[in-house]
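# Secondary and tertiary structure notes
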Amino acid sequence: MADIAQPGPPPTRREDVVELVHGLDVVDPFRWLESGESPEVADWVARQNAHTRQALDARPDRERWLERLSALVASVRAPESPVTDVVHVGIGGSDLGPRLACDALAAHADERLRVHFVPNVDGEAVARVVRDVDPRRALVCLVSKSFGTQETLLNGTVLRDWLAGALPQAEVAQRLVAVSANVAAATAFGVPAERVLPMWDWVGGRYSLWSAVGLPIALQCGMDVFRRLLAGARRMDRHYAEAPLARNLPVWLALAGIWNRNALGLASLACIPYDERLRLLPAYLQQLEMESNGKRVAADGAPLARAAAPVVWGDVGTNAQHAFFQSLHQGTDCVPVDLLGVVKP
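Presented here is an overview of the structure given in this document. (Residues numbered from 1 in each chain as written. Predicted model: local features only at pLDDT ≥ 70, side-chain atom pairs only at ≥ 80, totals over all residues. Heavy atoms only, no water.)

The subject of this paragraph is the sheet that holds strand S7 (residues 311-314). Strand order in this open sheet of three strands is S7-S6-S8, and the pairing throughout is parallel. Whereas interior strands pair on both sides, the edge strands pair on one side only; in this sheet they are S7 and strand S8 (337-340). Here the strands of the sheet are splayed against their neighbours by 20° on average, with no regard to which way each runs. Direction of pairing for strand S6 (residues 268-273) relative to S8: parallel, over a ladder of four bridges. Among the inter-strand pairings, Ala270 is bridged to a residue of S8, identified as Val337. Its contacts with the sheet put helix H14 (residues 281-293) on S6, S7 and S8, and the angle it makes with S7 is roughly 175°. (Pairing = 2+ DSSP bridges. Helix = DSSP H or I, 4+ residues; strand = E, 2+ residues; numbered from the N terminus. Axes fitted to C-alpha atoms, helices over the stretch in contact; angles between N-to-C directions. Contact = heavy atoms within 4.5 Å.)

Here you go:
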């Protein structure tokens, strides 16, 4: 449900906007992505090696990777498992999405399992884990699509050595899990091939939490909750692809954003969730919006003749009211604000 109030005069009647959008084929890119028929995807596939093309042409068996994920989750959550702490090592989309979901769904967490996130390479994040976690009871999950992300490999090496200092050598590999498109690099690092879950080349990190990158969500909350998360995402995908434009929520939110940025020249967007469980949403949306649309060229490489993504920022509601709302209400700049509430807590 959305109530869109514009800070400036609307460009025309809503019915006229719908008529205009109908001619833009705004949903076609989604259908191309589903079918693999996008011109951009086809061009990308043509430039990949034969192995990658075959993997994409086959389109991964959704239930197969879910079965592998489910088996791993069951083994870690089993009563006889020694694991009490999961250390998730990843940065960017490999961290922000899963961390947001784990925080938001903490009420569903298995109290016996703690999940720790290590994105930063400055050393303090790893130092806290080493200080607070027993390596004999830890599982280290390394997430990198290329398995070449320097921050992830550096932190992963420190944690692998940490495990090796406390466990028999033969047991270290069984405390490592990877999510990657580069199985060879993961196995060379020391992760057994059967413990490398797939992350396909065409899955962008900023929307990868619904893939095997969501492993910490499934470990913390269980597979039933994770499957419900997937079902919710699927439901919104279907809404976007099938709902009439006059009632299409993502389309109207996008149009509001385009109007604010390009017609009104408003360069930032504040995201204010009024629910503590969504306190990490602004950080997640920063990457989702600004990495996706923060470009100076279009998909065809031509320079943009208009403004791209706004600067996204924000904080949880009542905290924000006692921090920067004074400027929003009485300052000199007009700032669009997305206020998010939960109808059924």
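Having seen the structure, we can now continue with the description.
Let us look at a nonpolar patch on the surface. A contiguous nonpolar surface patch, about 220 Å² in accessible area, is contributed by Val121, Leu154 and Val158. Residue placement: Leu154 occurs in helix H8 (residues 150-164). (Patch = residues over 30% accessible without salt bridge, like charges linked within 9 Å, V, L, I, M, F, W, Y side chains within 5 Å. Areas by Shrake-Rupley, 256 points an atom, 1.4 Å probe, with all protein chains shown as cover. Salt bridge = Lys/Arg side-chain N within 4 Å of Asp/Glu carboxyl O.)

Moving on: the sheet that holds strand S2 (residues 114-118). Spatially, the five strands line up as an open sheet ordered S2-S1-S3-S4-S5, and their pairing is parallel. Single-partner strands in this sheet number two, and they are S2 and strand S5 (196-198). Between one strand axis and the next, the sheet turns through 20° on average, direction left out of account. When strand S3 (residues 138-143) meets strand S4 (residues 176-180), the two strands line up parallel, connected through four bridges. Bridging across to S4, Cys141 finds its partner in Val177. The sheet strands contacting helix H7 (residues 124-132) are strand S1 (85-89) and S2, and the helix crosses S2 at an angle near 150°.

Judged by nonpolar contacts, the single largest core of 41 residues is most densely connected at Leu69, Leu215, Leu219 and Phe226. Of all the secondary structure elements, the ones that give two or more residues to this core are helix H5 (62-77), helix H6 (93-104), S2, S3, S4, helix H11 (215-221), helix H12 (223-242) and H14. The leading source of residues in this core is H5, at six residues. If near-sequence neighbours (up to four positions away) are discounted, Leu219 is found in contact with Val73, Val76, Arg77, Val86, Leu113, Leu139 and Cys141. Judged by nonpolar contacts, the second largest core, of 22 residues, contains Val87, Val140, Ala178 and Val196. (Core = buried A, V, L, I, M, F, W, Y, C linked by side-chain atoms within 4.5 Å. Buried < 20%, exposed > 50% of the residue type's maximum accessible area, 1.4 Å probe, protein only.)

So, about the packing of aromatic side chains. The geometry of an aromatic ring pair comes down to the distance between the two centres and the angle between the two planes. Under the criterion given, the structure shown has three aromatic pairs. Between Trp313 and Phe324, the ring centres sit 4.8 Å apart and the planes meet at 65°, which makes this aromatic pair edge-to-face. With Trp313 in strand S7 and Phe324 in the loop between helix H15 (317-321) and helix H16 (325-330), this residue pair connects regions lying eleven residues apart in the sequence. Residue class for Trp313 comes out partly exposed when judged on its relative accessible area of 24%. Summarising the aromatic geometry, the rings of Phe324 and Phe325 are spaced 5.9 Å apart at their centres and angled 45° between planes, so their arrangement reads as tilted. Arg160 extends its terminal NZ or CZ atom over the ring of Phe189, reaching a point 4.3 Å from the ring centre. (Phe/Tyr/Trp six-rings, centres within 6.5 Å; stacked < 30°, edge-to-face > 60°. Lys NZ or Arg CZ within 6 Å of the ring centre and 35° of its normal.)

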